Amino acid sequence: MANRLLIVEEQANQARVMAIGLRLEGFDVETAATPAEALERLAEHAYDLAVVDLMLPGTNGIQLARIIRDRHPGTRVVLMSAYHLSERQLDRADCGAAGFVPKPLDLGELASFLRSKVSDAARAFELGSASPETLVGARARKVAGAAAPR
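Residues numbered from 1 in each chain as written. Predicted model: local features only at pLDDT ≥ 70, side-chain atom pairs only at ≥ 80, totals over all residues. Heavy atoms only, no water.

Visitor: Please clarify how the pairing of strand β4 (residues 76-81) should be interpreted in this entry.
Guide: The two faces of a sheet get side chains in turn, since along a regular strand they alternate between them. For β4, the tally of buried residues reaches 6 of 6 residues, placing the bulk of the element in the interior. Residue alternation in β4 divides its side chains into two sets, R76, V78 and M80 and V77, L79 and S81, and both sets are buried. With 5 bridges connecting them, strand β3 (residues 49-53) and β4 associate as parallel partners. Bridging from a neighbouring strand, L49 pairs with R76 of β4. A crossover links β3 with its parallel partner β4, the connecting element being helix α3 (residues 61-71), and its sense is right-handed. The parallel pair β4 and strand β5 (residues 97-102) is bridged by helix α4 (residues 87-92), and the resulting crossover is right-handed. (Buried < 20%, exposed > 50% of the residue type's maximum accessible area, 1.4 Å probe, protein only. Helix = DSSP H or I, 4+ residues; strand = E, 2+ residues; numbered from the N terminus. Pairing = 2+ DSSP bridges. Right-handed = clockwise from strand over helix to strand, strands pointing away.)

Visitor: Which parts of the structure should I look at to understand the packing of aromatic side chains?
Guide: Any pair of aromatic rings gets described here by the distance separating the centres and the angle formed by the planes. Per the counting criterion, the structure on display carries 0 aromatic pairs. Just above the ring of Y47 sits the side chain of R4; from NZ or CZ to the centre is 4.8 Å. (Phe/Tyr/Trp six-rings, centres within 6.5 Å; stacked < 30°, edge-to-face > 60°. Lys NZ or Arg CZ within 6 Å of the ring centre and 35° of its normal.)

Visitor: Help me out: how do you make sense of helix α2 (residues 35-44) in this one?
Guide: One full turn of an α-helix is made of 3.6 residues, so residues set three or four places apart face in the same direction. Of all the positions in α2, only P35, A38, L39 and L42 are classed as buried. Projection of α2 onto a plane perpendicular to its axis shows the buried side chains occupying an angular sector of 95 degrees, all on one side. Away from its buried face, by an angle of more than 90 degrees, α2 presents the exposed residues E40 and E44. As for α2, its buried residues are in contact with β1 (4-8), β2 (28-32) and α3. (Arc of directions from axis to C-beta. Contact = heavy atoms within 4.5 Å.)

Visitor: Help me understand the pairing of β5 in this model?
Guide: Burial of β5 is extensive: 6 of the 6 residues sit out of reach of the surface. As paired elements, β4 and β5 share 5 bridges and run parallel to each other. Pairing of S81 across the sheet is with P102, part of β5.

Visitor: Would you mind going over the side chain of K103 with me for this structure?
Guide: In this structure, K103 sits in the loop between β5 and α5 (107-127). For K103, a relative accessible area of 17% puts it in the buried group. In this structure K103 touches E9, Q14, D53, M80, S81 and A82, once residues within four positions along its chain are discounted.

These values are about where atoms sit, not about what they do.
Listed below in structure tokens is the structure:
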């Protein structure tokens, strides 16, 4: 069964490109342009992951991630933005995000990263918890090995 994914991105073209690419990667994808639309979709359907843009009108991505964490604990949130967030900043935001993805996006890397977040969720359920990670951090470990965080 395909992993259900909700993309929350106000830029329609970017949301459409992400949705098409991730569908080709095997995800069951829906999109929402606003936080209100995202919350409506979440109330109607269960999602494995929500990929949320950090810069949204009204309620920002961190605020939306907190709402999703509280109202839909079965949905993991991955934040995305052209602005970088380190793993430490993501942890300090206390929004329950499972990770961060920098823009511009490489859809193949994004798909792999999202799959890892779904499998992390299964492991976290079995073991207790999982820590947030950035795709930048994942890229660095793939290239440089498993370096200790600073």
